[in-house]
Amino acid sequence: MVMHLPKFSKDDNSRKCCLSDCFSCCNDNWQKVWAVLKPGFLALLADPFDVQPLDIIAFDVLPSSDGNVDHRQSLAQEMKDRNPLRHSFKVTCGNRCIRVRVKSSAKVKDWVTAINDAGLKPPEGWCHPHRYGSYAPPRGLIKDGSQAQWFVDGRAAFEAIASSIKDAKSEIFICGWWLCPELYLKRPFHAHASSRLDNLLEARAKQGVQIFVLIYKEVALALKINSSYSRRKLLSIHENVRVLRYPDHFSTGVYLWSHHEKLVIVDHQICFIGGLDLCFGRYDTPEHKVGDLPPIIWPGKDYYNPRESEPNSWEDMMKDELDRGKYPRMPWHDVHCALWGPPCRDIARHFVQRWNFAKRNKAPNEQAIPLLMPRHHMVIPHYLGKDTEVKIEYKNNDNNRTMMREDSFSSATDDIPLLLPRESGGLNTSEEDPKSGSSSFSYLRDQTASRLSSGLSFSLWKTRVEPLSSDTPMKGFVDNLDGVQVRHQRKMSLDRVSLGDVQNSDQEWWKTPGPGEHGGFAEDSGQVGPRVSCRCQVIRSVTQWSAGTSQTEESIHKAYCSLIEKAEYFIYIENQFFISGLSRDDVIRNRVSEALYQRIRRAYDDKKTFRVIIVIPLLPGFQGGLDDSGAASVRAIMHWQYRTICRGQNSILHNLYELLGSKMHDYISFFGLRAHGRLCESVPLVTSQIYVHSKIMIIDDCTCLIGSANINDRSLLGSRDSEIGVVIEDRELIDSYMDGKPWKAGKFSLTLRLSLWSEHLGLGAGEANQIMDPVVESTYNDIWLARAKENTKIYQDVFSCVPNDVIHNRYAFRQSVAFWKDKIGHSTIDLGIAPKKLENHHDGVTESIDPMERLASVKGHLVSFPLEFMSLENLRPAFNEGEFYAAQVFH
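In this text the structure is predicted, and so the values were computed from the model without any measurement.

Rules behind the numbers
Residues numbered from 1 in each chain as written. Predicted model: local features only at pLDDT ≥ 70, side-chain atom pairs only at ≥ 80, totals over all residues. Heavy atoms only, no water. Phe/Tyr/Trp six-rings, centres within 6.5 Å; stacked < 30°, edge-to-face > 60°. Helix = DSSP H or I, 4+ residues; strand = E, 2+ residues; numbered from the N terminus. Lys NZ or Arg CZ within 6 Å of the ring centre and 35° of its normal. Salt bridge = Lys/Arg side-chain N within 4 Å of Asp/Glu carboxyl O. Buried < 20%, exposed > 50% of the residue type's maximum accessible area, 1.4 Å probe, protein only. Lys, Arg positive; Asp, Glu negative; His and termini not counted. Polar contact = N/O pair within 3.5 Å; in protein donor to acceptor, adjacent residues only side chain to side chain. Contact = heavy atoms within 4.5 Å. Expected span 1.5 Å × (residues − 1). Patch = residues over 30% accessible without salt bridge, like charges linked within 9 Å, V, L, I, M, F, W, Y side chains within 5 Å. Areas by Shrake-Rupley, 256 points an atom, 1.4 Å probe, with all protein chains shown as cover. Pairing = 2+ DSSP bridges. Axes fitted to C-alpha atoms, helices over the stretch in contact; angles between N-to-C directions.

## Section: the packing of aromatic side chains
What describes a pair of aromatic rings is the distance from one ring centre to the other and the angle between the planes of the rings. Enumeration over the complete set of coordinates arrives at 29 aromatic pairs. Each ring, one from Phe173 and one from Phe212, has its centre 5.7 Å from the other, and the planes form 70°; the classification is edge-to-face. With Phe173 in strand 10 (residues 171-176) and Phe212 in strand 11 (residues 210-216), the pair connects residues that are 39 residues apart, well separated along the chain. Measuring from centroid to centroid gives 5.1 Å for Trp332 and Tyr691, while their planes differ by 50°, and the two rings are tilted. Pair noted here: Trp332 is in strand 15 (residues 332-333) and Tyr691 is in strand 25 (residues 691-692), with a separation of 359 residues, a long-range link. Within the aromatic cluster, the residues linked to one another by ring pairs are Trp177, Trp178, Phe280, Tyr304 and Trp314. The aromatic ring of Tyr642 is capped on one face by Arg647, whose charged end is 3.7 Å from the ring centroid. Sitting above the plane of the Trp757 ring, Arg753 keeps its charged end 4.7 Å from the centroid.

Encoded structure:
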């Protein structure tokens, strides 16, 4: 019996503690329910065959007891009552505590023991922190179906997401910081009307697919993403679409922080995570075009440049915000990832936890918005009493072949009533109490077996879902995994391979798999990686306000620091921000910068080659010229970023220079991306930064971290923005080179780096062998650094664009703006318009050159990050600017 649920119907006497009205051993607040314990949660049901719970407590990491991290508080505890006839216990998880009454003290002990055991049961052990302090265990330690595939830039990722949504059979979870229902996932948009997000969701909803959308409710005065309109638009699609916006700022007191995850989960089978929101401005291709006139690729407000202007309304999405003949769009660079198997269901569990928390806070009594359940427990053979593997016949839609699969687990979309009995040797129905409903159980068991053998699966929403992949349980409980065995495997004696051998074998692993080859997504531009088996672990940033957890989780922060510390040769980072602190920094609390400093110092002491390459935006992607009175937020982010990189006692380059002198640039360097082109034939050439929005780190071409988290306190501390990510460690190793020596690189990590570098450096498909070794000087100095310096010089000669290393203060910036506007008559906010002719002075002779001739030497998009830009200015907001009083927002 419980007392925290809404009242049941009064005419149902079975809900009462006793049938007589003469006794009041329990007041009316107590009601009978079925309590069902599973390895990952406790569910309360009105009826044993219900598939929709009255309440659910998903187990989560428990706080330590008395400050001892080795001892955790109990999930369930016996409660003492003054009335000796009452027997109860409480279950505490996150910010929730419920009291449950049972019939005897023996029952109390049984329940308390069972619940506490379930919370710590391997392999998940949801109540115990795993590696990096994450709620989720490492997956793929055995062959459990854990797989991953990467996508570079919006086109590749959006097309894969559209394909998965189109194939959805049961349910879709979507979580985002910003969501635009009118977003086209395929282009040209005129030819792909059905790929518009609202059209895709409507088509699936009409087929019975249940769609749950969880979006961030912004502070309207600070952000113009109009989540209220997105909610109204989505709810108007179909009754099978449910939407929650969170948080409510007034009731929660949360105004500064946001929900920043970007998730799409389809049928608990595949999920997409990374840096891409399903919103305007994110679709892009590896060419990163700056113009689109007439509109073919980017319709209306999807032609987006937040540096120039942010729309006040997103409702009339087909109406242009920018003049396409005058202003370039801001190209967008991002990285996304698809996951299959147990990691996908770990991420779905995170979504369920957040959805249920938001539902209880925003719509506790709204029946149309249900509570969701994790799906780790849906194991049909276990409940059928089968110890052998079950053969499942299913259709493969890609090639119309009927295939047989042997599974010890069902697909995650299979659903069965929670109280189907477990059997090991068959159920002896003659010994069962007739009141227990054994005949119903037997009937249901028979129906289960019948449907399973016929290839049909159980679904919560009564839709047909075809099982797609196996889900094998992990054999052991792992709290810490240091990758020693992996490194030992890589360092085993290797046969010497030449670059020619690598080039010859290039087609064996660098090629994109065909449509049916591995079940992944295919594309021929090198922007989609191979679908590979891997070890991976889901990591996140959450706390009480964002997910209802009892303690703050900062496993993304811990993973960054741990992976950096264990790197052997090479670290490659792409991120939207780089704001971090050294050990003595009292303002910035995340320690990514400190981890990098210590790792470089160790390499210097050991006299070993070690490279750190960091690619970030050239300027913050916020509206306003650098000298505008309303652009304090732009200057604030620049202040904190330069403070981290190269200015002041807390910067990493300042401290490395004291240790290494000028040699510091052999160890760490910073870069940005830039593109150029014509808006139309009659308009001069223009340039724009490519906005780096990816959030990735690649270690030694063997391990990747991909997610939604920026490198700043907002994303990494856990108590601020909510984030999700994944650490991917390769299982499939291939021959490569590192520091001039043979090296076993990971298939996922290496192919991702080669794709990114080929795009940034402007290399063709057959030139990837030139950058196979990221550490050796012929790659780092002769290609990477040389290409960045040459591109930077050309852009400066042609455009004099900002930021650059020539302008050191506001006065010089104003002079430059005035000069170019007077000379050209019009310019972009960051001086991105080229003159019609360049003047070249040589031996006293002035000659005119077509800017396109000079720009023809630009290869790729890589440019140097301007460390000296505004170096004589204090960019921190002044006391009379609102940003001064909300400094935490910007770091």
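## With respect to the pattern of salt bridges
Taken as a whole, this structure holds 32 salt bridges when the rule is applied. One salt bridge connects Glu261 with Arg354, and the closest N-O pair in it is separated by 3.1 Å. Remark: Arg354 occurs in helix 6 (residues 342-362) and Glu261 occurs in the loop between helix 5 (249-252) and strand 13 (263-266); sequence separation between them is 93 residues. Of the two residues, Glu261 and Arg354, both sit in the buried class. Linking Asp320 and Arg324 is a salt bridge whose minimum nitrogen-to-oxygen distance equals 2.8 Å. Because the salt bridges share partners, they merge into one network encompassing Asp55, Arg96 and Arg360.

## Focus: the side chain of Lys695
Assignment of secondary structure puts Lys695 in the loop between strand 25 and strand 26 (696-699). Lacking a salt bridge, the buried Lys695 has Asp334 as its closest oppositely charged neighbour, with an N-O distance of 6.0 Å. Of the polar contacts made by the side chain of Lys695, one reaches the backbone oxygen of His693; its length is 3.1 Å. Setting aside anything within four residues of it in sequence, one finds Lys695 in contact with His260, Gly275, Tyr560, Glu574, Asn575, Gln576, Leu705, Ile706, Gly707, Ser708, Ala709 and Asn710.

## Quick notes on helix 20 (residues 810-824)
Counted at 1.5 Å a residue, the expected span for helix 20 with its 15 residues is 21 Å, and the 21 Å between its end C-alpha atoms agrees. Contact partners of the buried residues in helix 20: helix 19 (777-799). Backbone nitrogen of Tyr811 and a side-chain oxygen of the N-cap are separated by 3.3 Å at the start of helix 20; the cap is Asn809.

## Re a nonpolar patch on the surface
A cluster of nonpolar side chains, contributed by Phe250, Tyr255 and Leu256, occupies part of the molecular surface with about 370 Å² of accessible area. For Leu256, the location among the structural elements is in the loop between helix 5 and strand 13.

## Structural notes on the environment of Tyr283
Topologically, Tyr283 is positioned in the loop between strand 14 (270-274) and strand 15. Overall, Tyr283 belongs to the buried group, its relative accessible area being 2%. When the C-alpha positions of Tyr283 and Asp334 are compared, they lie 9.3 Å apart, and in sequence the two are 51 residues distant.

## Here we look at the sheet that holds strand 2 (residues 41-45)
The sheet built from 3 strands is open, its strands ordered 1-2-3 with antiparallel pairing. Since the sheet does not close on itself, it has two edges, and those belong to strand 1 (34-38) and strand 3 (55-58), each with one partner. Shown here is a sheet whose adjacent strand axes are inclined to one another by a mean of 15°, direction ignored. Here strand 1 runs beside strand 2; their pairing, made up of 5 bridges, is antiparallel.

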